[in-house]
Amino acid sequence: MQHMSKSVFVVLCQLVGTSQQVTMRREMIDIAEMIDRRITHQNTDMLMLSGSYREGFRLKGSDIDTMIWPNSHRVIMDVSQSEYYNTANTALILSESSESPPGFILLQLLTPFASKTANSACVRMNGRPYISSSTYRELTLSILSDRNSTLHGPCSSGNIAGDEYDIAHCFVSDFWPPSVSLWTDRCHSWPNPQVVDDIVRNGCHFVAIGHPLGPHENEEWRISFSRAEYKLVSSMNHCQFLTYGLLKLFLKEVLNQQSDETSKLLCSYHMKTTVFWTIQQNTLPYWSPQNLLGGFWLCFKLLLKWVYEGICPNFFIPQNNLFLTKVHGSAQNRLFLQLHELYKKGLACLLQSSSIRSYIIEVLYNPRLSICMMMSEAAYDEEVAFESLKCVHAIVNPCHITKKIHILEQFVESPMTQYQVLVLQKFTSSVLHRTSFLLQNMYTFAGVNKQLYIVDKISCHMLKLTAKFGCISDMLYIAMYYYKTLRYREALSVLEMTKVKLAQPYLMYNRHVDRERYNESVGGQSWSTKMRQAVAQDIILKSEICYINELLPEQKCVQKGGNTLQIPVFVMLHFLKFLCYRHIDTTLSQAALDELQVVVHNDQGMYVDDLLRDISWEILGICQQMTGNLQAALYSYQQSLTQYPLQRIQTATQRRIHEVVQLILHQ
């Protein structure tokens, strides 16, 4: 049994992640959200990743959960707590729990200057304004109407390029609800006092859904402990975390496959609650690799008991029965019988899990089998590079340049892990190159010659620093700047250097890399060195900044969507070469266009990600139109419209098609 447990532990490290991988994922998100919190303006929304993704899981098919709340609103538990806020710029909301079921409350709006959405969602009860959760939910869903979102519980749910997402619009409180005060008294063995203090100090959220059996279902809000749950999961040791991961796999691949009638009764949150209670009850003294299956079995038995009783107690508010409206009556009986059949099979029930069945069988037939859990440096670095890019994208809130730089200074003075340093480096790189273009945009029309000279010198210096902090592809921002300021030969010189670096056989780009050559060339080096010498990433253009005039229509389109335009690095390289050579050598300009056409037409996802084919075809069309090849340009624009509309540039594409058609008609 111990050998089997250790083997399953190793398999789960491959499926769910090693301790190092999970730590890296969490630390990168932590530092990105810390930066975001510090730069977010009082009157904008705050964002927080939550759920499995935030906890460190990257299981296929999992949702990406995001919580959004207005930064200028705060929920208080008692009127006396209003003294902690400047009511001139903070809208206060009072939590009332007297009439609602455990875990649910009413939100009374105390100040009249709340957001338009909050005011529009107000209903009057007993002469006082309360924010209706159902109305608020509908109003926030309409904000995401362009994403074809649908309501799913308290969330706006949808799908972007195959990735499911849940966005919960909510309110935040800096205080711990009085109804949860007894929870801290339960925490003798787990979590430790420091974690408990941290949880209580960070308050809670309120998501827009009422209790189906509550007296005011359409007005009630559910107390959400997402931030606290993340702290709890982070305080688990890796064996406990993998037990949680095994339960998630067991739910998806075994429990939900029993029958259509019972497949929706249990959810991942029930599995998480089971793990929390099992750890706190301290029924397994040692959570270690050789005890992993023992821990899983304790959780399964507790789940079986809960289904039999029809009671799944919320970890923070046990009086809140998570089974109340789902697991009852005949459905409860059927679910219990199915679980009991699995229980009678013992741990052999795990053989029904498609992810781990083959590994268990191998160990059963060959008890001495040792499963390797070694991960190559290149494979690990692929994930690090991918995670860091996503984290920097997550820092979405714009702010004044000086504030950003001041925040960077504060972080540099703080102790950080290697993963947090990496995210900070990438954030610094993005701040520097965006600042360079902002300065250039500001002073081009308003400045005198001396001012322009000074600004240009500062901008060039910042762009060179960008290349030092960032990766190979960040050099293209220097080339863009030189092109924008009419220094075509300097731009081409940078482009040639970049092309040489991008041609290295050990290049890591888009999760493509020759791992053997990568390990030989940069293995064992610092991440700063690896980024500068071996890593390339897509080019990101912020919609509010003019980088090159030729892409302004597309940038204006994405202002209504994700606020950034993402371009494959090789597409941007050839595009810039084409633009610069047009002013120097038309033959070489055509050669650059030919190279671009080969990449866009023939690439199989190595240099042009399938999700970025719309902008790639668009750029090819722009170049063809500039050379007067209108039929080819029309074809490219039409191809752009047939691609997945990730960046929502269709309006710009349609305008370009109309323009080209008019030119063809007048030829």
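Residues numbered from 1 in each chain as written. Predicted model: local features only at pLDDT ≥ 70, side-chain atom pairs only at ≥ 80, totals over all residues. Heavy atoms only, no water.

A.B. asks: Explain the overall build of the protein chain to me, please; I cannot follow it from the model alone.
C.D. replies: If you tally the helices and strands in the protein chain, you get 27 helices and 16 strands. Computed over its C-alpha atoms, the radius of gyration of the protein chain comes to 28 Å, within 12% of the 26 Å expected for a compact globule of 667 residues. In the protein chain, which comprises 667 residues, the share counted as buried stands at 55%. Contacts spanning at least 24 positions in sequence make up 69% of the contacts within the protein chain whose residues lie at least 6 apart. Carbon and sulfur atoms make up 53% of the accessible area of the protein chain, which totals about 29700 Å². Placing the 59 positive and 58 negative side-chain charges of the protein chain at their respective mean positions leaves the two points 2 Å apart. (Helix = DSSP H or I, 4+ residues; strand = E, 2+ residues; numbered from the N terminus. Rg over C-alpha atoms; globule rule 2.2 N^0.38 Å. Buried < 20%, exposed > 50% of the residue type's maximum accessible area, 1.4 Å probe, protein only. Contact = heavy atoms within 4.5 Å. Areas by Shrake-Rupley, 256 points an atom, 1.4 Å probe, with all protein chains shown as cover. Lys, Arg positive; Asp, Glu negative; His and termini not counted. Charge placed at Lys NZ, Arg CZ, Asp CG, Glu CD.)

A.B. asks: Looking at this model, I keep getting lost on the pattern of salt bridges. Mind explaining?
C.D. replies: Oppositely charged side chains may form a pair once their charged atoms are brought near each other. The tally for this structure, following the rule as stated, stands at 22 salt bridges. Note that Arg54 and Asp30 form a salt bridge whose closest N and O atoms lie 2.7 Å from each other. Here Arg54 is found in helix α3 (residues 51-55), whereas its partner Asp30 is found in helix α2 (residues 19-39), with 24 residues between them in sequence. Between Glu261 and Arg334 there is a salt bridge, with the nearest N and O atoms lying 3.5 Å from each other. Of this pair, Glu261 sits in the loop between α9 (238-253) and α10 (268-281) while Arg334 sits in helix α12 (residues 329-344), placing them 73 residues apart in sequence. Look at Arg334 and you get partly exposed, because its relative accessible area is 30%. Salt bridges sharing common partners tie together Glu496, Lys499, Lys577 and Glu595. (Salt bridge = Lys/Arg side-chain N within 4 Å of Asp/Glu carboxyl O.)

A.B. asks: How should the environment of Asp610 be read in this particular structure?
C.D. replies: In this structure, Asp610 sits in the loop between α24 (586-602) and α25 (613-626). The exposure class of Asp610 is exposed, given its relative accessible area of 52%. Considered as a pair, Asp610 and Leu646 are 36 residues apart in the sequence and their alpha carbons are 9.9 Å apart.

A.B. asks: What is the right way to read the packing of helix α1 (residues 2-15) against α9 from this model?
C.D. replies: Two quantities define a packed helix pair, namely the angle between the helix axes and the distance between the axes. Following both chains from N to C, one finds α1 and α9 inclined at 75°, their axes separated by 10 Å at the closest point. With respect to their mutual orientation, α1 and α9 come out roughly perpendicular. Contacts from Val8, Phe9, Leu12, Cys13 and Leu15 of α1 reach α9 at His238, Cys239, Leu242, Leu246 and Leu249. Tallied by class, the residues present in the contact of α1 with α9 amount to 9 nonpolar, 1 polar and no charged. (Axes fitted to C-alpha atoms, helices over the stretch in contact; angles between N-to-C directions. Parallel < 35°, antiparallel > 145°, perpendicular 65-115°, else oblique. Nonpolar A, V, L, I, M, F, W, Y, C, P; charged D, E, K, R; others polar.)

A.B. asks: Quick question: what am I supposed to make of the side chain of Thr498 here?
C.D. replies: Assignment of secondary structure puts Thr498 in helix α19 (residues 488-502). Overall, the relative accessible area of 0% leaves Thr498 in the buried class. Residue contacts for Thr498: discarding those within four places in its chain leaves Ile472, Met475, Leu476 and Leu573.

A.B. asks: So what exactly am I meant to see when it comes to α9 here?
C.D. replies: Every α-helix winds through 3.6 residues per turn, so residues three or four apart in the chain are directed the same way. Between its terminal C-alpha atoms α9 stretches 22 Å, which fits the 22 Å expected from 16 residues at 1.5 Å a residue. Summarising burial for α9: 15 of the 16 residues are buried, a large majority. (Expected span 1.5 Å × (residues − 1).)

A.B. asks: Sorry if this is basic, but what is going on with the nonpolar core here?
C.D. replies: In globular proteins that are soluble, nonpolar side chains generally tend to be buried together. Trp183 and Phe316 are the most contacted members of the largest nonpolar core, which has 92 residues in total. Per-element tally for this core: the top contributor is helix α11 (residues 292-309), with 11 residues. Here Phe316 is in contact with Trp176, Val180, Trp183, Arg186, Phe225, Ala228, Glu229 and Leu232, once residues within four sequence places are set aside. In terms of nonpolar packing, the next biggest core, distinct from the first, is built from 64 residues, Leu492, Ile567, Cys580 and Ile622 among them. (Core = buried A, V, L, I, M, F, W, Y, C linked by side-chain atoms within 4.5 Å.)

A.B. asks: It is not clear to me how the packing of aromatic side chains should be interpreted in this structure. Could you clarify?
C.D. replies: What characterises a pair of aromatic rings is the spacing of the ring centres plus the angle enclosed by the ring planes. All chains considered together, the criterion is met by 30 aromatic pairs. An angle of 25° between the planes, with centres 4.4 Å apart, marks the rings of Phe225 and Phe316 as stacked. Here Phe225, found in the loop between β12 (221-224) and α8 (226-234), pairs with Phe316, found in the loop between α11 and α12; they are 91 residues apart in sequence, far enough to count as distant. As far as burial versus exposure is concerned, Phe225 and Phe316 are alike and both buried. With 6.3 Å between their ring centres and 0° between their planes, Phe296 and Phe300 make a pair best called stacked. (Phe/Tyr/Trp six-rings, centres within 6.5 Å; stacked < 30°, edge-to-face > 60°.)

A.B. asks: For this particular structure, what's the right way to read the packing of α8 against α10?
C.D. replies: Running from amino to carboxyl end, α8 crosses α10 at an angle of 55°, the nearest separation of the two axes being 12 Å. Judged on the interaxial angle alone, α10 and α8 are oblique. With respect to the hand of their crossing, α8 and α10 are arranged in left-handed fashion. Of α10, the residues touching α8 (which contributes Glu229, Leu232 and Val233) are Tyr269, Lys272 and Phe276. (Left-handed = near helix turned anticlockwise from the far one by under 90°.)

A.B. asks: How should I be thinking about unusual backbone geometry in this particular structure?
C.D. replies: The bulk of non-glycine residues show a negative phi, and the bulk of peptide bonds are trans. A cis amide bond, omega -10°, links Trp190 with the succeeding residue Pro191. Within the element layout of this structure, Pro191 appears in the loop between α6 (183-186) and α7 (193-201). In this model, Asn282 sits at a positive phi of 60°, which is unusual for a non-glycine residue. Within the secondary structure, Asn282 is located in the loop between α10 and α11.

A.B. asks: What exactly am I supposed to notice about the pairing of strand β3 (residues 73-76) here?
C.D. replies: Each regular strand displays side chains that alternate between the two surfaces of the sheet. The side-chain alternation of β3 yields two buried faces, one formed by His73 and Val75 and the other by Arg74 and Ile76. Pairing of β3 with strand β4 (residues 91-96), which is carried by 4 bridges, proceeds in the parallel orientation. Bridge assignment links His73 to a residue of β4, and that residue is Ala91. (Pairing = 2+ DSSP bridges.)

A.B. asks: Got a minute to help me understand helix α18 (residues 475-484) in this structure?
C.D. replies: Judged by how many residues are buried, α18 sits mostly within the fold: 10 of 10 residues are covered. Looking at α18, one finds that the buried residues are Met475, Leu476, Tyr477, Ile478, Ala479, Met480, Tyr481, Tyr482, Tyr483 and Lys484.

A.B. asks: Before we go on, may I ask you to explain the side chain of Glu55 in this structure?
C.D. replies: Here Glu55 is to be found in helix α3. The buried category is assigned to Glu55, whose relative accessible area is 2%. There is a polar contact of 2.9 Å between the side chain of Glu55 and the side chain of Tyr244. When neighbours within four sequence positions are excluded, Glu55 is seen to be in contact with Val22, Arg26, Tyr230, Val233, Phe241, Tyr244 and Lys272. (Polar contact = N/O pair within 3.5 Å; in protein donor to acceptor, adjacent residues only side chain to side chain.)

A.B. asks: It is not clear to me how the environment of Glu520 should be interpreted in this structure. Could you clarify?
C.D. replies: If you trace the backbone, Glu520 turns up in helix α20 (residues 515-522). Expressed as a C-alpha distance, the spacing of Glu520 and Tyr506, which sit 14 residues apart in the sequence, is 8.6 Å.

A.B. asks: What exactly am I supposed to notice about the pairing of β12 here?
C.D. replies: Where strand β5 (residues 104-109) meets β12, 2 bridges bridge the pair, whose relative direction is antiparallel. Within β12, the residue paired with Phe104 across the bridge is Arg222. When strand β11 (residues 204-207) meets β12, the two strands line up antiparallel, connected through 3 bridges. Bridge pairing links Phe206 to Ile223 in β12.

A.B. asks: When you look at the environment of His73 in this model, what are you seeing that I'm missing?
C.D. replies: Note on placement: His73 falls in strand β3. Linking His73 and Leu630, residues 557 residues apart in sequence, is a C-alpha distance of 53 Å. With near-sequence residues (within four places) excluded, His73 lies in contact with Ala91, Ile93, Ala114, Ser115, Ala118, Phe171 and Val172. In terms of polar contacts, His73 uses its side chain to reach the side chain of Ser72, at 3.1 Å.

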